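Here is what each chain is made of, one letter per residue.
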Amino acid sequence: MLKIHNMLEDVVIEQVNQLYDQVKQKESSWLTCDCENCRLDTICYVLNRLPNNYVVSGRGVTHSFLNNNTQLSVDINKLCIEGMRLVSSAKRPYHTDLKNSIKEIPESENATYNFPTFFGNIFDGNTFEPLINARVLLRIDNEVAEMMDVTWPNPCVTYEATKGSYTFWIAPISAKEEKLKREFNFKIEVTAYGYEDTQYSFSIPLVSEKISRREVNSCYSYKIQDIFLFQTKD
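Residues numbered from 1 in each chain as written. Predicted model: local features only at pLDDT ≥ 70, side-chain atom pairs only at ≥ 80, totals over all residues. Heavy atoms only, no water.

## So, the pattern of salt bridges
Put simply, the test is: In what follows, salt bridge is the name for a side-chain nitrogen of Lys or Arg lying within 4 Å of a carboxyl oxygen of Asp or Glu. Numbering of helices and strands runs from the N terminus; a helix is a DSSP stretch of H or I covering at least four residues, while a strand is a stretch of E covering at least two. Throughout, exposure labels follow a simple rule: accessible area from a 1.4 Å probe, protein chains only, divided by the maximum for the residue type, with under 20% read as buried, over 50% as exposed, and the rest as partly exposed.
Going through the model one piece at a time under the given rule, you end up with six salt bridges. Put simply, aspartate 141 and arginine 182 hold a salt bridge, and the shortest N to O gap is 3.5 Å. Of the two residues, aspartate 141 sits in the loop between β5 (135-140) and β6 (143-144) while arginine 182 sits in strand β10 (residues 181-191), which places them 41 residues apart along the sequence. The residue lysine 223 makes a salt bridge to aspartate 226 at a minimum N-O spacing of 2.8 Å. Judged by its relative accessible area of 30%, aspartate 226 is partly exposed.

In C-alpha cells:
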C-alpha cells in the first residue's frame, strides 16, 4: 500500500527544532520554554498556515522541493519564529500540560456554540494578486474574538507561502441548553502598509450542542468572502 506524506512536515519539524536549539543556546530572554509540547504547538502553528504538498515518499524529494522554492523557505522560517514567540508569550503555563493549551469548557455548562474554522484571502484590489503582510483581525459582536488556543492568533498576518490566506478558530461559547438557535455577528478588519483599511461584516446562525468541539474538522469550515485592499493615494 502506498504511503502519502505531506513533504513539508519533515521540513517544518526539522526547522522548528533547529531554531529552538539555536535560540536556547543564545539564551534569548523571550524564550520561556522549549519543551516538547511547546515545540509541537509551534509545528502545528506553522503547518496550519502552509499549503499541503503531498508526495508518495522520500525526504530527498522534500529538500529538493524546498531548495527550488527560496521564498517558501523564507516564509517557513518567518512562521517558525512567529509561532515560537506566540507560544513563548502565552500567559498560561500550558507547556506543562498539553491539554492546557486548549480553552477549557467547564463541565457544569449544559451546552456550547461551536464555531467552524473561518478562512479567507486578502488580495490587492488593482493586481488581484495575494496581499502579503496584511494584518487581519476578527471581531464577534464588536469584541475581539477569543481563539481556541495560542497557535491561532487574532490578529494574524498573511504570508506569500499561504497565498494571502488567513484562518481563525474561535473558542466555543456557552449556552443555557442544547438546540438553541443564535445568530452571531462578525467583522473582519484588515490593515496593510500602503493600503486603505478595509472592513467586512457577516453573520452566521448556530445551534448549541451538547458536545464541545476540541478538534479542527476540515468539513466544518466557513469561507469568508474574498477581501480586496486598494493602495492609498499620494
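## Remarks on the packing of helix α1 (residues 7-25) against helix α2 (residues 36-47)
Helix-helix packing: each pair is described by the crossing angle between the helix axes and the interaxial distance. Selection rule: A fitted line through C-alpha atoms serves as each axis, taken over the contacting stretch for helices, and the angle formed by two N-to-C directions is quoted from 0 to 180°. Any angle between 65 and 115 degrees counts as roughly perpendicular, while under 35 counts as roughly parallel, over 145 as roughly antiparallel, and the rest as oblique. Should the near helix be turned counterclockwise from the far one by less than a right angle, the crossing is left-handed, whereas a clockwise turn marks it as right-handed. Pairs of residues are marked as contacts when any of their non-hydrogen atoms sit within 4.5 Å. In the scheme used here, Gly and all other residues not listed as nonpolar or charged are polar, with Ala, Val, Leu, Ile, Met, Phe, Trp, Tyr, Cys and Pro taken as nonpolar and Asp, Glu, Lys and Arg as charged.
Contact pair α1 / α2: the axes reach a minimum separation of 10 Å and the direction vectors enclose 135°. Taken together, α1 and α2 sit at an angle that is classed as oblique. The handedness of the crossing between α1 and α2 is right-handed. Contacts between α1 and α2 involve Leu8, Glu9, Val12, Ile13, Val16, Asn17, Tyr20 and Asp21 from the first element and Cys38, Arg39, Thr42, Ile43, Val46 and Leu47 from the second. Within the contact of α1 with α2, the residues separate by chemical class into nine nonpolar, two polar and three charged.

## A short note on the pairing of strand β4 (residues 117-124)
The two faces of the sheet receive side chains in turn, since in a regular strand these alternate between them. Test applied: A pair of strands is labelled paired if DSSP reports no fewer than 2 bridges between them.
Where burial is concerned, most of β4 is hidden: seven out of the eight residues are buried. Both β4 and strand β8 (residues 165-169) contribute to a ladder of five bridges, which runs antiparallel. Across the sheet, the residue bridging to glycine 120 is tyrosine 166, located in β8. The pairing of β4 with strand β13 (residues 227-229) spans three bridges and is parallel. Directly across from isoleucine 122, in β13, lies its bridge partner isoleucine 227.

## So, the side chain of asparagine 114
Where we set the bar: Pairs of N or O atoms within 3.5 Å make up the polar contacts considered here, provided that, within protein, one atom can donate a hydrogen while the other can accept it, and that residues adjacent in sequence are counted only when both atoms are side-chain atoms.
Considering the arrangement of structural elements, one finds asparagine 114 in the loop between β3 (111-113) and β4. The class of asparagine 114 is buried, set by a relative accessible area of 2%. Here glutamate 209 takes part through its side chain, which lies 2.9 Å from a polar atom of the side chain of asparagine 114. Among all residues touching asparagine 114, those that are not within four sequence positions of it are Pro172, Leu206, Glu209, Ile211, Ser212, Arg213 and Tyr220.

## Considerations on the environment of glutamate 189
Residue placement: glutamate 189 occurs in strand β10. Residue classification places glutamate 189 among the buried residues on the basis of a relative accessible area of 18%. Residues glutamate 189 and glutamine 199, 10 residues apart in the sequence, show an inter-C-alpha distance of 4.6 Å. Those residues within four positions of glutamate 189 in sequence are excluded, and the remaining contacts are Arg135, Val136, Leu137, Arg139, Thr198 and Gln199. One polar contact links glutamate 189 to arginine 139, side chain to side chain, over a distance of 2.8 Å.

## What to know about the state of the cysteines
Put simply, the rule is: Note on terminology: disulfide denotes any pair of cysteine sulfur atoms within 2.5 Å.
Counted according to the given criterion, the structure contains zero disulfides. With no disulfide of its own, cysteine 33 lies 3.5 Å from the sulfur of cysteine 35, the closest cysteine sulfur.

## Topic: the packing of aromatic side chains
A ring pair, where both rings are aromatic, is described by two values, the distance of the centres and the angle of the planes. Basically, it comes down to this: Each aromatic pair joins two rings of Phe, Tyr and Trp (for Trp, the six-membered one) with centres within 6.5 Å, and gets the label stacked for planes under 30 degrees apart, edge-to-face for over 60, and tilted for any other angle.
As enumerated under the stated definition, the model contains 12 aromatic pairs in all. Where phenylalanine 118 meets phenylalanine 186, the ring centres are 5.0 Å apart and the plane angle is 65°; that geometry is what we call edge-to-face. One end of the pair, phenylalanine 118, is in strand β4; the other, phenylalanine 186, is in strand β10, with 68 residues separating them in the sequence. Each member of the pair, phenylalanine 118 as well as phenylalanine 186, carries the same accessibility label: buried. Aromatic side chains phenylalanine 118 and tyrosine 222 sit 5.7 Å apart centroid to centroid with 85° between the ring planes, which places their arrangement in the edge-to-face category.

## Comments concerning α1
To be explicit about the condition: Take the residue count of a helix, subtract one, and multiply by 1.5 Å to get its expected span.
The first and last C-alpha atoms of α1 sit 28 Å apart over 19 residues, in line with the 27 Å expected at 1.5 Å per residue. Of all the positions in α1, only Met7, Leu8, Asp10, Val11, Val12, Val16, Leu19, Tyr20 and Val23 are classed as buried. One or two positions beyond α1, positive phi appears at glutamate 27, with a value near 55°.

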